[in-house]
2 protein chains.
Amino acid sequence: MTKWVYAFGEVKADGKAEMRELLGGKGANLAEMCNLGLPVPPGFTITTEVCTAYYENKGELPADVESQTLEAMAGVETLVGGKFGDKDDPLLVSVRSGARASMPGMMDTVLNLGLNDQTVEGLAARSGDARFAFDSYRRFVQMYSDVVLGIAHEHFENSLESYKESKGFNLDTDLGAEDWMKMTETFKSIVADKMGKPFPQDVHEQLWGAINAVFGSWETPRAITYRRLHDIPDDWGTAVNVQAMVFGNMGDNCATGVAFTRNPSTGDNRLYGEFLINAQGEDVVAGIRTPHAITEASRIESNDDRYSLEAAMPDNYQELQAICDKLEQHYSDMQDLEFTIQNGKLWMLQTRNGKRTAEAALKIAVDMAEEKLISRDEAILRIDPASLDQLLHPTLDPDAARDVIATGLPASPGAASGEIVFSANDAEAKTNAGTDVILVRVETSPEDIHGMHAAKGILTARGGMTSHAAVVARGMGTPCVSAAGSLRIDYAAKTMSVGERVLKEGDIITIDGAAGQVMAGKVPTRHPELSGDFATLMGWADAARVMKVRANAETPDDAATARKFGAEGIGLCRTEHMFFDAERITSVREMILARDEAGRRAALAKLLPMQKDDFFQLFKIMAGLPVTIRLLDPPLHEFLPHSDAENESVAAALGVSAVEVAARTNELKEFNPMLGHRGCRLAVTYPEIAEMQARAIFEAAIAAGAETGQQVVPEVMVPLVATKAELDMIKAVIDRVAEEVQTEQGVKFDYLVGSMIELPRAALMAGEIAQTSAFFSFGTNDLTQTTFGVSRDDASRFLGEYVEKGILPNDPFVSLDIAGVGQLVRMGAERARDVKPKIKLGICGEHGGDPASISFCGETGLDYVSCSPFRVPIARLAAAHSALGGGESRTA
Amino acid sequence: MTKWVYAFGEVKADGKAEMRELLGGKGANLAEMCNLGLPVPPGFTITTEVCTAYYENKGELPADVESQTLEAMAGVETLVGGKFGDKDDPLLVSVRSGARASMPGMMDTVLNLGLNDQTVEGLAARSGDARFAFDSYRRFVQMYSDVVLGIAHEHFENSLESYKESKGFNLDTDLGAEDWMKMTETFKSIVADKMGKPFPQDVHEQLWGAINAVFGSWETPRAITYRRLHDIPDDWGTAVNVQAMVFGNMGDNCATGVAFTRNPSTGDNRLYGEFLINAQGEDVVAGIRTPHAITEASRIESNDDRYSLEAAMPDNYQELQAICDKLEQHYSDMQDLEFTIQNGKLWMLQTRNGKRTAEAALKIAVDMAEEKLISRDEAILRIDPASLDQLLHPTLDPDAARDVIATGLPASPGAASGEIVFSANDAEAKTNAGTDVILVRVETSPEDIHGMHAAKGILTARGGMTSHAAVVARGMGTPCVSAAGSLRIDYAAKTMSVGERVLKEGDIITIDGAAGQVMAGKVPTRHPELSGDFATLMGWADAARVMKVRANAETPDDAATARKFGAEGIGLCRTEHMFFDAERITSVREMILARDEAGRRAALAKLLPMQKDDFFQLFKIMAGLPVTIRLLDPPLHEFLPHSDAENESVAAALGVSAVEVAARTNELKEFNPMLGHRGCRLAVTYPEIAEMQARAIFEAAIAAGAETGQQVVPEVMVPLVATKAELDMIKAVIDRVAEEVQTEQGVKFDYLVGSMIELPRAALMAGEIAQTSAFFSFGTNDLTQTTFGVSRDDASRFLGEYVEKGILPNDPFVSLDIAGVGQLVRMGAERARDVKPKIKLGICGEHGGDPASISFCGETGLDYVSCSPFRVPIARLAAAHSALGGGESRTA
């Protein structure tokens, strides 16, 4: 016979902590506390398997569940004394859900179950407190009706409020036994009215109603959404915990509270918590009464002149402190506890690993490792790499008021304040004049880069998490809120408005790129701290990991940031970002507008010294580390002007007619630029561009090597390769230029030529392409676009709905689609290694900074990941997790 | 020791016909003719392996080649009498290239090699004809200089012309021995002048010069281009044939000619050919003298009153006829022969399978099968499926004059004449008024469909072989010339011009979609004949093939054509093509502009009866055959107007503001529509569209079944699936609608729901997707786009160059990229069959009509291919080839 019900009681339990999957987190920990000899009110857990069976049988419970439950209830009666439903000595129970992971949106708790018109009298008699008994009864009716019967609690609250008004009462404590008796009657009549039948008096009907409600709540929309968001499988199910009630509200030697074994905000190694005397658990969290501090120390710290638990109930406090120590030692982690004191006796109602801020997590992990409570590897695994993001950017002071005027997507973390500007040029001008600005655009384009660089923050009305603004901002580490759809931006009037509210150029706003919020005025920020515990933990992580971490960077600033954050090289330098510079865009356009090779070569000759200097700076900053430079990637039309006015100014600058500029622009226009004349296709048709870039790279490498004394081995990367023949052809050009430069300068140097693997065909043909390639860098942004047939820029129209409806578990541009795109990465890596076992393999898409994706890269045996500078620490930690076998899977 | 040289002589030879790869076509057949006892001048073949070695050794011949050649030359001397380079009895030889496949662009022939200032005297003495000897010598100097030394033949011709003028001669025959002696001297001095050294007198230097020239010509640009175009691998190499000269120009008992064992234009089973008395081979083809007919029959047919070979040299004619019969029997194919008669003796210089027109090929194959010369299977394999295209469309009368004004790409075969119109509306209006028109556009868009349907032919100035115009035109079987780049089209003036020449609306032009030509005026056409030999052969092909052939069709016209051409169902009905119809586009736009589901439903309700009728017509026409209907695929913005004027008229029709229409259009605009909100993504966000379409399909199926008495089992196809969850969700909608319709109408029916596999991810996840899918249709157009990351619409910018430079062997949108995209198709098929062995698999991209791709589909075990109606016969034949193991590979 399947064991569906697990009892726990004094000193012993059927279950234990390791049975979390079967008993849920709460049930397993209640059992464990019993086994540890801690004071836990007896009870039992109905397993998660019952929940699964319940859904398989369309809402029917398995046959044996009832008998096992009644047997367990009898056990509780024996331990506690009293009897469930007995009118003289009634046993009351709580019914709580308990999934493997705590999960809002599910039925949480019904307290005081077992009360009815008769048992309430028994409770009153035995407690000698009719007020307590009827207060408990009305609470039960309200809770049960709300969560089991689906009657909104407003009905009860409203009627209580009217009653209090009619009586001139202010507080619930003003009501006496008679009042609660009346309220109970009123509440029951509300139920009868809404349900067409009376409130259930049969305590077993109450019990099964509550149990079924817990199972039923597993499929509420909120619970489903939560699971979706937190990657919890639907088939995990929830357990139900039924436990004898203990009362913190039976008088002044009663109390209830919550405690953390260490401070969950700061990580300080001191007991921290709140409690209330003469209250039930719900009162602590409900905010009606302000809870007291548990310790004297925190009471004093918070200037609270009310008694602490330490002062008011020193024995219970001592016992609680001892239990905290015991539980933390036992679980090797900071615990979050619930307790109740009934008539001077301490009861433990829950323990679990406590949630904490990123800062606290870091401190607790490092402290515990130094206390030898956990190993360094465990400390590393305790920190969610993604959480570091909070620590690496300025953040808003959590205590400051926020006048939120709009919300959008949290496109690039960090907070920033500044004057509103509406154009990249204004952003640059004002910044140069010493003013902090936030660049506000409907959406950004590559021509806004200089303004994006200048601005302290970026705000757009359109575009998703992977829009131009978002990607570039994350790359720069600049805070960005994108897709703030309620904003109406009027460039002409230089205003942005939300509803009736209009802000104009020069007004100060603050954006919180981690929360996606836009606020009026300046909200104070806090700055990140990269030393101390952070540095300690990152040092441990670096020692543990196998994969290298590089950064995607092209400007000296980005490169310096990357190096500061611990990058071990540059995995992707996008040369085109340098093309938009005001100084050189004219030469770039000259090159594009040239009608023949000679014209292009003349324009390229002007670009050569500038590109050479770009690379020279990068090589110097990254001295001793590898730098991968990608040849020109975007379609040429991206560099051309798009308005008539701009056409004319470009035409004037180039000495050609505006008509000619417009004609060429039109000629280059593409239906699907993403799938157009770009990447290595440019080098195939215009080899002279690749030639110029190769020359700039090699000449810069020689110069930087001479200056730093550390020889540069540049890695030249060919983008968008689909066939070996493309790479062969372009490699021949690069090799020829290398030969020429070596001859001209009389210097020998090494270099590598490799290719991006960012098209399905490249992954499929990796065995062939690897023959020509010294390295592969998986460009998972484009690979995701082509494998899914989804354009990042257009995906916002439907991708959100896809994730919401559960068609996709995640945005595949944020976290690599391991099932699909991952197959191609694995295939590419395997086929390449088959023909060239030592080929260097890396990844340089946005996924290079995503922990789950990094974990996959580790499993696939890639040599490095490359990500935006601000995500380098995250990647270092995620790579350590991967090496320690604790990689972030989606269903952790 | 490697055998590099293969001799052939009287009655026996070292080689044979099967050694084509080693000896080249010409060499192998010369050997074979010797073995058959036919009169062949002795000689030897230097193998293709020598050519390969020559390139591997950078232009050096292997060591033993020289000694083996000299030995073979000695053998020839023994057989012929005379000696190579001997001043008294010189042996003269021809040197000819001979690859496996005949290949223009290579060095063809040097005749009379072995002549120098001394041997010419010997030749004169032995032949007793000094004029012949010196004429031969000057011919040799000219030929050798042209093909070996690279001196353009104009130099020689010009000097001969001056000489003739100075002497008052009209014809070459006016020159006597003295004249030719002088000319020889002049020619030699031209060489000495150009080369800085005298014409080589050493016969061995001549021989090796010619042999090296043959090998060198393998890599001339023209040869390389030809190989590229005809898919001949670069490493095949060419052989060199050295053969004793025989002379057709030693007097009136000498002749030379070419013959076909059957008529290569019509296929008639009668000897056919031309000859000249007292001439060398080059004279027959050079066009200086008009050759005579070989047979009396053809002489009479062509009203030629000059003698035939049959009449002039009856014995030689009889011998030739006997040899023809023998060779045709031996090779089981129509032969193309070269012969020379020297002093009354017939010599065979070449035999090979003769080239023929598609019409002749068909007749010859069917005749030979009926003569039992070959089997029916062989007859099937003899016909290149692609060649049927010529037979299925009207073609221009080959004898009519053509005033070609521009050329473009042969986008859709067939010829058509009509008045020029510049808009789809004009095309429709004029056609309705009974006028044939050619629609001339810069490029076409989906909004031109009605005009494209109406027009007899389509001409565009832009867009490649897979542009909108090309794809749609091929689908409709309408002739189309695309990318006629020299055309300047002025919509406002309603003119098109090429250089100075201006044509205006209403002028008549003719286009030849098979040749890519645009002609002024009307050129007479011929109509296709689908009966007779065609029908016979197609019957045999149908019996032989395994794969089914369906058609891509949506209009009743197309469906009827498809059925006429033997389609066994519809593999792809693109429902969106019906949306552009003038009657319904307004409702479509209403649906798109609707701001909520209710609005969309209201508009969809108007579309329902129209869609239902579309499907009803299709089901009726295809009664008894399967019909696959794809749900709406393109992004919605494709249906919206794009100009202000159109916006306004749409707004007026819909009763909304033009601003609103423009705003919605703008909102729907996409950066990369190909990768945007389309395909099943539309059904995910707007399930009500799929609902309407499913209802229209099911209601139509019931109605058509009732009318025809043949129950319809509709196949509903979901496009652009990337994940199983998408298909699950949409299948649930379709199943629900099916249930509803069955309940409403009280009728049960069967139907299938399947998915397009047109994204790499779908192929990768085929095992999962197949669980929900009753069938897969590989959409290789989109699959090629996404696998390569190349947009069909933009590819014309670089794809041509890719094929030219050899980076790609073919346009992958025309012939499936088996190495890359093919992997995904194979993977998709295998993974699907692993979970569902009986899943129906087909292909419905453009590749479904390409023989090489069809062959691949056969190997992959697909159940059917689906192609445009006009390609159905081609697909039927190609499927038969595939089944017979003779599929069109790229390197056939």
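These notes cover the structure that comes with them. (Residues numbered from 1 in each chain as written. Chains lettered and ligands numbered in written order. Predicted model: local features only at pLDDT ≥ 70, side-chain atom pairs only at ≥ 80, totals over all residues. Heavy atoms only, no water.)

Moving on, we come to the overall build of chain A. Helix and strand content of chain A: 35 helices and 31 strands. With the C-alpha coordinates aligned to their principal axes, the bounding extent of chain A is approximately 105 × 60 × 55 Å. Classification of the 892 residues of chain A by burial places 58% in the buried group. Nonlocal contacts in chain A, meaning residues at least 24 apart in sequence, comprise 67% of its contacts between residues at least 6 apart. Per element, the accessible surface of chain A, about 33,800 Å² overall, is 49% carbon and sulfur. Treating the 86 positive side-chain charges of chain A as one cloud and the 128 negative ones as another, the clouds have centres 3 Å apart. (Helix = DSSP H or I, 4+ residues; strand = E, 2+ residues; numbered from the N terminus. Buried < 20%, exposed > 50% of the residue type's maximum accessible area, 1.4 Å probe, protein only. Contact = heavy atoms within 4.5 Å. Areas by Shrake-Rupley, 256 points an atom, 1.4 Å probe, with all protein chains shown as cover. Lys, Arg positive; Asp, Glu negative; His and termini not counted. Charge placed at Lys NZ, Arg CZ, Asp CG, Glu CD.)

The next thing to look at is the pattern of salt bridges. Here the structure, examined in full by the defined rule, presents 116 salt bridges over all chains. The shortest N-O distance in the salt bridge between Lys3(A) and Asp14(A) comes to 3.1 Å. Taken together, the residues span a long stretch of sequence, with Lys3(A) in the segment before β1 (5-8) and Asp14(A) in the loop between β1 and α1 (20-35) at a distance of eleven residues. The shortest N-O distance in the salt bridge between Arg574(B) and Glu554(B) comes to 3.0 Å. With Arg574(B) in strand β27 (residues 570-574) and Glu554(B) in the loop between β26 (548-552) and α21 (556-564), this pair connects stretches of sequence that are 20 residues apart. By relative accessible area, Arg574(B) is classed as buried at 15%. A relative accessible area of 5% means that Glu554(B) is categorised as buried. It is possible to trace a salt-bridge network through shared partners that takes in Glu597(A), Arg601(A), Lys612(A), Glu691(A), Arg695(A), Glu699(A), Arg736(A), Glu740(A) and Glu744(A). (Salt bridge = Lys/Arg side-chain N within 4 Å of Asp/Glu carboxyl O.)

So, on to the sheet that holds strand β9 (residues 335-342) of chain A. All names here are of chain A. Reading across the sheet, the five strands line up as β8-β7-β6-β9-β10 and stay open at both edges, with antiparallel pairing between neighbours. Here the strands that pair on one side only, and so sit at the sheet edges, are β8 (292-293) and β10 (345-353). Here eight bridges tie β9 to β10, and the two strands are oriented antiparallel to one another. Its bridge partner being in β10, Glu338 is matched across the sheet by Gln350. This element, helix α13 (residues 314-331), spans β9 and β10 of the sheet and lies at about 30° to β10. (Pairing = 2+ DSSP bridges. Axes fitted to C-alpha atoms, helices over the stretch in contact; angles between N-to-C directions.)

This part covers the packing of helix α27 (residues 687-708) of chain B against helix α28 (residues 724-745) of chain B. All names here are of chain B. At a minimum axis separation of 9 Å, α27 and α28 run at an interaxial angle of 40°. By the angle between their directions, the pair α27 and α28 is classed as oblique. The two elements α27 and α28 cross, and the hand of that crossing is right-handed. Each of Pro687, Glu691, Ala694, Arg695, Phe698, Glu699 and Ile702 in α27 lies in contact with α28, whose residues at this interface are Val733, Ile734, Arg736, Val737, Ala738, Glu740, Val741, Glu744 and Gln745. Split into classes, the residues belonging to the contact of α27 with α28 amount to nine nonpolar, one polar and six charged. (Parallel < 35°, antiparallel > 145°, perpendicular 65-115°, else oblique. Left-handed = near helix turned anticlockwise from the far one by under 90°. Nonpolar A, V, L, I, M, F, W, Y, C, P; charged D, E, K, R; others polar.)

Residue and element names in this part refer to chain A. Across the sheet, five strands lie side by side as β1-β2-β5-β3-β4; this open sheet has antiparallel pairing. In the strand order of this sheet, the two ends are held by β1 and β4 (109-113), each with one partner. Between one strand axis and the next, the sheet turns through 20° on average, direction left out of account. Pairing geometry for strand β3 (residues 93-99) and strand β5 (residues 238-244), over seven bridges, is antiparallel. Bridged to Gly98 within β5 is Ala239. Across the face of the sheet, α1 comes into contact with β1, β2 (43-46), β3 and β5 while running at roughly 120° to β3.

Let us look at helix α23 (residues 597-621) of chain A. Residues and elements named next belong to chain A. With 25 residues, α23 should cover 36 Å at 1.5 Å per step; its first-to-last C-alpha distance of 35 Å lies within 8% of that length. Of all the bends in α23, the greatest reaches close to 35° and is centred on Leu607; the proline Pro609 follows between one and four positions later. Buried residues of α23: Arg600, Ala603, Leu604, Leu607, Leu608, Met610, Gln611, Asp614, Phe615, Phe616, Leu618 and Phe619, and no others. (Expected span 1.5 Å × (residues − 1). Bend = angle between axes of the 7 residues up to and from the residue.)

Take the pairing of β3(A) next. Residues and elements named next belong to chain A. With seven of seven residues buried, β3 is to be regarded as a mostly interior element. Residues Val93, Val95, Ser97 and Ala99 of β3 are buried on one face, and the alternating residues Ser94, Arg96 and Gly98, pointing to the opposite face, are buried as well. Strand direction decides the pairing type here: β3 and β4, joined by three bridges, are antiparallel. By the bridge assignment for β4, Val93 is matched with Leu113.

Here we take up the packing of aromatic side chains. Summed over the entire model, instances satisfying the criterion amount to 32 aromatic pairs over all chains. Ring plane angle 85° and centroid distance 6.3 Å describe the contact between Phe776(A) and Phe778(A), whose orientation is recorded as edge-to-face. With a centroid separation of 5.5 Å and 40° between ring planes, the pair formed by Tyr54(B) and Phe215(B) is classed as tilted. One end of the pair, Tyr54(B), is in helix α2 (residues 48-56); the other, Phe215(B), is in helix α8 (residues 203-217), with 161 residues separating them in the sequence. Classification of Phe215(B) as buried rests on a relative accessible area of 0%. Three or more aromatic residues joined by ring pairs make a cluster, and in this case those are Tyr54(A), Tyr55(A) and Phe215(A). Here the basic side chain of Lys3(A) rests over the ring of Tyr6(A), its NZ or CZ set 4.8 Å away from the ring centre. Across from the ring centre of Tyr864(B), 4.1 Å away, lies the NZ or CZ of Arg550(B), which sits over that ring. (Phe/Tyr/Trp six-rings, centres within 6.5 Å; stacked < 30°, edge-to-face > 60°. Lys NZ or Arg CZ within 6 Å of the ring centre and 35° of its normal.)

One copy of the chain maps onto the second through a rotation about an axis and a displacement along it. Laying chain A over chain B is done by rotating through 180° and shifting 0.1 Å along the axis; what remains is an RMSD of 0.3 Å. This pairing of chains is accounted for by a two-fold axis. Looking at the interface residues of chain A, 100% of them are also at the interface in chain B, so both copies use one shared face. (Least-squares fit on C-alpha atoms with pLDDT ≥ 70 in both.)

This part is about the environment of Gln350(B). Residue and element names in this part refer to chain B. Examined against the element boundaries, Gln350 turns out to sit in strand β12 (residues 345-353). Distance in space between the C-alpha atoms of Gln350 and Thr48 is 18 Å, their sequence separation being 302 residues. Not counting chain neighbours up to four residues away, the residues in contact with Gln350 comprise Lys26, Leu30, Met33, Asp336, Leu337 and Glu338. A distance of 2.5 Å separates polar atoms of two side chains, one belonging to Gln350 and the other to Lys26. (Polar contact = N/O pair within 3.5 Å; in protein donor to acceptor, adjacent residues only side chain to side chain.)

Now for the environment of Gly25(A). Residue and element names in this part refer to chain A. On the secondary structure map, Gly25 appears in helix α1. Residue Gly25 is classed as buried on the basis of its relative accessible area, which comes to 9%. Distance in space between the C-alpha atoms of Gly25 and Thr186 is 37 Å, their sequence separation being 161 residues.

This part covers the interface of chain A and chain B. Each partner contributes residues to the interface: chain A has 52 residues there, and chain B has 52 residues. Both faces combined, the contact of chain A with chain B buries some 4,300 Å², and carbon together with sulfur accounts for 58% of it. The largest contributions to the chain A side of the interface with chain B come from Phe671(A), Leu675(A) and Arg797(A), which together make up 15% of the buried area. Counting across the interface, chain A meets chain B through two salt bridges. Here Asp817(B) ties to Arg761(A) by a salt bridge, and the two come within 2.6 Å at their closest N and O atoms. Applying the counting criterion to the chain A and chain B interface returns 26 residue pairs in polar contact (both at pLDDT 80 or more). Here the side of chain A that touches chain B is composed, by residue class, of 23 nonpolar, 14 polar and 15 charged. (Buried area = accessible area lost by both parts, 1.4 Å probe.)

One non-glycine residue, Ala483(A), adopts positive backbone phi at about 55°. If you trace the backbone, Ala483(A) turns up in the loop between β17 (480-482) and β18 (488-490).

Residues and elements named next belong to chain B. Contact pair helix α5 (residues 130-149) / helix α7 (residues 177-195): the axes reach a minimum separation of 8 Å and the direction vectors enclose 20°. As far as their axial angle goes, α7 and α5 are roughly parallel. Crossing handedness for the pair α5 and α7: left-handed. Here α5 contributes Ala130, Arg131, Phe134, Asp135, Tyr137, Arg138, Val141, Gln142, Ser145 and Leu149 to the contact with α7, which in turn contributes Ala177, Trp180, Met181, Thr184, Phe187, Lys188, Val191 and Met195. Residues of the contact of α5 with α7, tallied by class, amount to eleven nonpolar, three polar and four charged.

Function cannot be read off these values alone, since they describe shape.
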